[in-house]
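# Descriptive analysis of the structure
As a plain string of letters, each chain reads:
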Amino acid sequence: ATDRSPEQGFIDKCLTSRAFRNVFSAERLTQYRKENVFPENDRICAETGIWLYQSVLLGSKKDMEDIAGAIVKIQKNSAKLV
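Residues numbered from 1 in each chain as written. Predicted model: local features only at pLDDT ≥ 70, side-chain atom pairs only at ≥ 80, totals over all residues. Heavy atoms only, no water.

### Digging into the layout of surface pockets
Estimated volume of the largest pocket: approximately 170 Å³. Looking at the largest pocket, the residues that line it are Glu47, Thr48, Gly49, Ile50, Ile71, Ile74, Gln75, Ser78 and Leu81. Secondary-structure elements contributing two or more residues to the lining of the largest pocket are helix 4 (39–48), helix 5 (61–76) and helix 6 (78–81). In terms of residue count, helix 5 provides more of the lining of the largest pocket than any other element does, three residues in total. (1 Å grid on protein atoms, 1.4 Å probe; cavity = no way out; pocket = protein on both sides within 12 Å on 5 of 7 lines; lining within 4 Å. Points joined across faces, edges and corners; volume = space filled by probe spheres on them. Helix = DSSP H or I, 4+ residues; strand = E, 2+ residues; numbered from the N terminus.)

### Focus on the pattern of salt bridges
Under the criterion given, the structure shown has five salt bridges. Note that Arg33 is salt-bridged to Asp12, the shortest N-O span being 3.1 Å. Taken together, the residues Arg33 in helix 3 (residues 26–35) and Asp12 in helix 1 (residues 6–15) connect sequence positions 21 residues apart. Notably, a salt bridge pairs Arg43 with Glu47, separated by 2.7 Å at the nearest N-O pair. Of the two residues, Arg43 and Glu47 are both situated in helix 4; the distance of four residues between them amounts to about one turn of the helix. (Salt bridge = Lys/Arg side-chain N within 4 Å of Asp/Glu carboxyl O.)

### Re a nonpolar patch on the surface
Together, Phe10, Ile50, Trp51, Leu52, Tyr53, Val56, Leu57, Ile71, Ile74 and Leu81 line one region of the surface with nonpolar side chains, adding up to about 910 Å² of accessible area. Along the chain, the position of Phe10 falls in helix 1. Taking the relative accessible area as the measure of exposure, Phe10 reaches 33% and is therefore partly exposed. (Patch = residues over 30% accessible without salt bridge, like charges linked within 9 Å, V, L, I, M, F, W, Y side chains within 5 Å. Areas by Shrake-Rupley, 256 points an atom, 1.4 Å probe, with all protein chains shown as cover. Buried < 20%, exposed > 50% of the residue type's maximum accessible area, 1.4 Å probe, protein only.)

Structure follows, in C-alpha coordinates:
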(Lines give C-alpha, C1' and ligand atoms only; values in the text may rest on other atoms or scores of the structure.)
Protein backbone atom coordinates (compact mmCIF):
# COMPACT_ATOMS: atom_id res chain seq x y z
CA ALA A 1 0.00 0.00 0.00
CA THR A 2 1.19 3.52 -0.66
CA ASP A 3 -0.38 4.91 2.51
CA ARG A 4 2.13 3.77 5.15
CA SER A 5 1.27 3.79 8.84
CA PRO A 6 3.98 4.40 11.48
CA GLU A 7 3.80 0.70 12.24
CA GLN A 8 4.42 -0.23 8.62
CA GLY A 9 7.35 2.17 8.52
CA PHE A 10 8.79 0.36 11.52
CA ILE A 11 8.38 -3.00 9.80
CA ASP A 12 9.96 -1.65 6.62
CA LYS A 13 12.88 -0.28 8.62
CA CYS A 14 13.46 -3.70 10.17
CA LEU A 15 13.08 -5.62 6.92
CA THR A 16 15.56 -3.39 5.10
CA SER A 17 18.10 -3.41 7.92
CA ARG A 18 21.49 -5.03 7.39
CA ALA A 19 20.78 -7.51 10.20
CA PHE A 20 17.57 -8.81 8.62
CA ARG A 21 19.15 -8.92 5.15
CA ASN A 22 22.02 -10.99 6.54
CA VAL A 23 19.67 -13.53 8.11
CA PHE A 24 16.80 -13.76 5.60
CA SER A 25 16.71 -14.07 1.82
CA ALA A 26 15.24 -11.26 -0.26
CA GLU A 27 12.40 -13.60 -1.20
CA ARG A 28 11.58 -14.30 2.46
CA LEU A 29 11.65 -10.60 3.33
CA THR A 30 9.27 -9.86 0.45
CA GLN A 31 6.98 -12.67 1.58
CA TYR A 32 7.07 -11.42 5.18
CA ARG A 33 6.16 -7.90 4.05
CA LYS A 34 3.18 -9.24 2.05
CA GLU A 35 2.01 -11.40 4.97
CA ASN A 36 2.02 -8.50 7.42
CA VAL A 37 -0.76 -6.30 6.14
CA PHE A 38 -3.40 -5.90 8.85
CA PRO A 39 -5.33 -2.65 8.36
CA GLU A 40 -7.70 -3.19 11.29
CA ASN A 41 -4.82 -3.97 13.62
CA ASP A 42 -2.97 -0.88 12.34
CA ARG A 43 -6.06 1.25 13.01
CA ILE A 44 -6.43 -0.06 16.57
CA CYS A 45 -2.74 0.44 17.30
CA ALA A 46 -2.79 3.96 15.91
CA GLU A 47 -5.83 4.86 17.99
CA THR A 48 -4.86 3.20 21.26
CA GLY A 49 -1.13 2.52 21.28
CA ILE A 50 2.04 4.30 22.24
CA TRP A 51 5.01 3.66 19.99
CA LEU A 52 8.53 3.96 21.34
CA TYR A 53 11.66 2.94 19.55
CA GLN A 54 14.02 0.76 21.56
CA SER A 55 16.62 3.54 21.63
CA VAL A 56 14.26 5.66 23.74
CA LEU A 57 14.55 3.04 26.46
CA LEU A 58 18.34 3.18 26.72
CA GLY A 59 18.41 5.97 29.29
CA SER A 60 18.79 5.96 33.02
CA LYS A 61 16.44 4.40 35.54
CA LYS A 62 15.05 7.91 36.16
CA ASP A 63 14.36 8.26 32.42
CA MET A 64 12.43 4.96 32.47
CA GLU A 65 10.43 6.10 35.50
CA ASP A 66 9.61 9.36 33.70
CA ILE A 67 8.46 7.46 30.60
CA ALA A 68 6.31 5.12 32.69
CA GLY A 69 4.87 8.10 34.57
CA ALA A 70 4.01 9.85 31.31
CA ILE A 71 2.23 6.74 30.01
CA VAL A 72 0.22 6.44 33.24
CA LYS A 73 -0.67 10.13 32.99
CA ILE A 74 -1.88 9.66 29.41
CA GLN A 75 -3.93 6.62 30.45
CA LYS A 76 -5.55 8.44 33.39
CA ASN A 77 -6.46 11.40 31.20
CA SER A 78 -7.40 9.47 28.07
CA ALA A 79 -11.06 10.46 28.24
CA LYS A 80 -10.05 14.12 28.06
CA LEU A 81 -7.84 13.44 25.04
CA VAL A 82 -10.59 11.94 22.89
